[in-house]
Structure formats: C-alpha cells, structure tokens
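Topology and contacts: notes
Okay, here's what each chain looks like letter by letter:
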Amino acid sequence: MQQDRRNFLKRTAMAAGVVAAAGGAAPRTARASGADAADAVDAAACLVDTTLCIGCRKCEEACNEANRLPRPDQPFDDRWVFRDRRRPGADSLTVVNAYGGHPSNDQPDRSRTFVKVQCMHCLDPACVSACIVGALTKSPQGPVHYDADKCIGCRYCMVACPFEIPAYEYDEAVLPKVRKCSFCMDDLDARPEPACAAACPVEAIVFGKRGEILELARERIHERPDRYVDHVYGEHEVGGTSWLYLTGRPPEEIDLLPLPEKSPPRLTESIQHGIFRYGALPILAFSGLGALMWWTNRRQGVEEKGAVRENGEIEEQTGVSDGEVN
Ligand code: SF4
Ligand code: SF4
Ligand code: SF4
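Scope of this entry: the structure provided in the associated data block. (Residues numbered from 1 in each chain as written. Chains lettered and ligands numbered in written order. Predicted model: local features only at pLDDT ≥ 70, side-chain atom pairs only at ≥ 80, totals over all residues. Heavy atoms only, no water.)

**Remarks on the site of ligand 3**
In the vicinity of ligand 3, the residues found are C53, I54, G55, C56, R57, K58, C59, V96, C200, P201, V202 and I205. Residues that form the shell around ligand 3 fall into these classes: nine nonpolar, one polar and two charged. (Near = heavy atom within 4 Å. Nonpolar A, V, L, I, M, F, W, Y, C, P; charged D, E, K, R; others polar.)

**Description of the site of ligand 1**
Taken together, 13 residues surround ligand 1, and among them C119, M120, C122, C127 and C161 come closest. Its residues placed into classes, the shell around ligand 1 shows 11 nonpolar, one polar and one charged.

**Remarks on the pattern of salt bridges**
Across all of its chains, the model carries 11 salt bridges by this definition. With a closest N to O distance of 3.3 Å, R179 and E169 form a salt bridge. Separated by 10 residues along the polypeptide, R179 in strand 7 (residues 178–179) and E169 in the loop between strand 6 (167–168) and strand 7 bring together distant segments of the chain. Here E253 makes a salt bridge to R249, at a shortest N to O gap of 3.2 Å. Classification of E253 as partly exposed rests on a relative accessible area of 42%. (Salt bridge = Lys/Arg side-chain N within 4 Å of Asp/Glu carboxyl O. Helix = DSSP H or I, 4+ residues; strand = E, 2+ residues; numbered from the N terminus. Buried < 20%, exposed > 50% of the residue type's maximum accessible area, 1.4 Å probe, protein only.)

**Section: helix 3 (residues 58–66)**
Within the sequence span of helix 3, burial applies to C59, E60, A62, C63, N64 and A66. Of the surrounding elements, those touching the buried residues of helix 3 are strand 2 (95–99), strand 3 (113–117), helix 6 (195–199) and strand 8 (205–209). (Contact = heavy atoms within 4.5 Å.)

Have a look at this one:
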C-alpha cells in the first residue's frame, strides 16, 4: 500500500532533521564538490508524484504567498492557464503544466498529467559553476542559494541551467535580481516543509531526506508497476537533483527531458582545465570584467536609489547603503 506522506514523514522523523539542516547554523556557502549522489542521502529533497497531481495550482498559490510575489492577473483557480506551457518566471517561482486531455476542461481531472516545475536544486549545479562572483551557492543540506548582494546581473546562470530555470527581473528598474525557487530555505526554520508541499491537498509533493525520498519512490514503483514508469527522474540526470519525479508516462512526453547523467560542470571540467593551463590571461581579463560589472551595477543602483530618494519615493528597494560603494 502506498504510504501516506505525513505518516511517512512521521515514521522517518526526518522532517525536523532536514529543516534543522537546511535552515540551521550549518554553512550555506559550500559549493557542490562534485556530482556524487551518494553523498546527498541526507540532503533535503522533494518527490513530485505526477500520477497524484490534480492540477489544482494550490502549490503555485502557496509559493506566491510565501515569497510575497505580486498576485497574477489570472486567479490561481483559473484552469485556462493550462492552454499554454508556462515556465517559472520572476513573478512565479513554480508553475504547473498540463499534458494530454482536452484544454477546454476546466475541472480537476485525472485524464491529464500535471507537472509542477521549479528549480531542481541540482546536486552539482551548473548555475553555481557558471556564477563568477559566487552569488549562487550549493548548500550541503540541499538548497541552491542565491545572494542578490553578490549578483552582478551577468545572467550566466540562466544560460548554464539545463532546466532553464533562473529568471531575471527585467521589469525591475533598480537592482534587478535573478529569481528562482529557494526551496523555501529562508523560511524552513519556521515551517516544517516547503510552502508548496504543505499546500498540496493530495500529497503529490513529499518533502524529506533525499535517500529516504528515493526509497519511497522505488517502493511506489515496486508496488504499482502498472501505474509508474520504472524511472525516478532526477535520481541520475545531470548528476542528480534534489527534486525528484515519479511519472505514469515517459518523462520526455511531459517535458522532463532526457539529460546526461554527468553534470554540466563535470562535462566542462576538462575544457576548463585546459583554459586554466593555457589561458591565464583571458581568465584574468574575464575576472576583471566581472569586477567592473559588479562595481558598475552597484554604483548605478545607488545612483538610481539616490534619484528615487530625491523624488521622495521608495527608499528600501535596493537594500544597498551609500557607504557600501566607495
Ligand atoms: S535547476 Fe538550474 S537553477 Fe536550479 S540548481 Fe539546477 S542548474 Fe541551478
Ligand atoms: S520550495 Fe518554496 S520557493 Fe520553491 S516552489 Fe515550493 S514554495 Fe516556491
Ligand atoms: S498543489 Fe499538489 S495537486 Fe495541486 S497542482 Fe500542486 S502538486 Fe498538483
């Protein structure tokens, strides 16, 4: 029999441990040391069971509220959004897409497959490797963290991500940020599980330790081979991810694309080694350019902030004090 999510969490008593690990005092700045999934058994993870999801979009709504994002024009109970394939954006850190069934069906139904999309919190993240100023870091506890204060806006992370997840606040005039799912990292001290997982009425999202989440996934496949494809998406793709998926149809049919098992940073490692050996000068120039972009970005932000202040309007938009740019 399939296990109930909350009983599962209770039985393993892992939620508290994961929360403490993900949000506690442990350092959050460690970079991924390599795509060794065996080392990630205790890292925070989520299992999305697409065979259970009814497309209610409660997870989207909970994410919107937890991250204090602007309410979308279309309400969260509007199922017409399923006519389009959506991607996470600066105002929507997770979205649910529908596959199969009739687009005009505006009722929850099980004839369609619904797939929640967000940052996969890769074990060896390409975005972290691509970021030249360390604004993205992989926590050994699972989440991939973004530090807006370090970001220079180069958007290399957006190019590098194999899942095309990071979004940019193009509409933000003052210090635009990269946006992506944080794994509710900043709130995990206060909440027992990510907001989206807590909001799901059919327990299609299970939060826990990666090792135990994988065990649960394999157990479900073993118990219901008629229901599930024998593949846990994210177990090995790009070196493994912290968000894992169970599907009832081939993953590629629902935009869970076939990706190599080696993570992008490991794939490019040999090239990088060559560059470092033979191209020290270009690297130095590249770093100098990065530093210049960082300084220009901060300077511009403060100048714009000053202009805003002169107009007597918002003051707290940037979080940068004048003293920081000297
Ligand atoms: S899914 Fe993309 S943004 Fe998220 S951790 Fe992986 S590489 Fe980074
Ligand atoms: S983990 Fe938090 S930030 Fe990420 S999709 Fe869920 S609610 Fe949104
Ligand atoms: S809340 Fe659960 S059932 Fe509803 S759309 Fe999200 S994952 Fe699917």
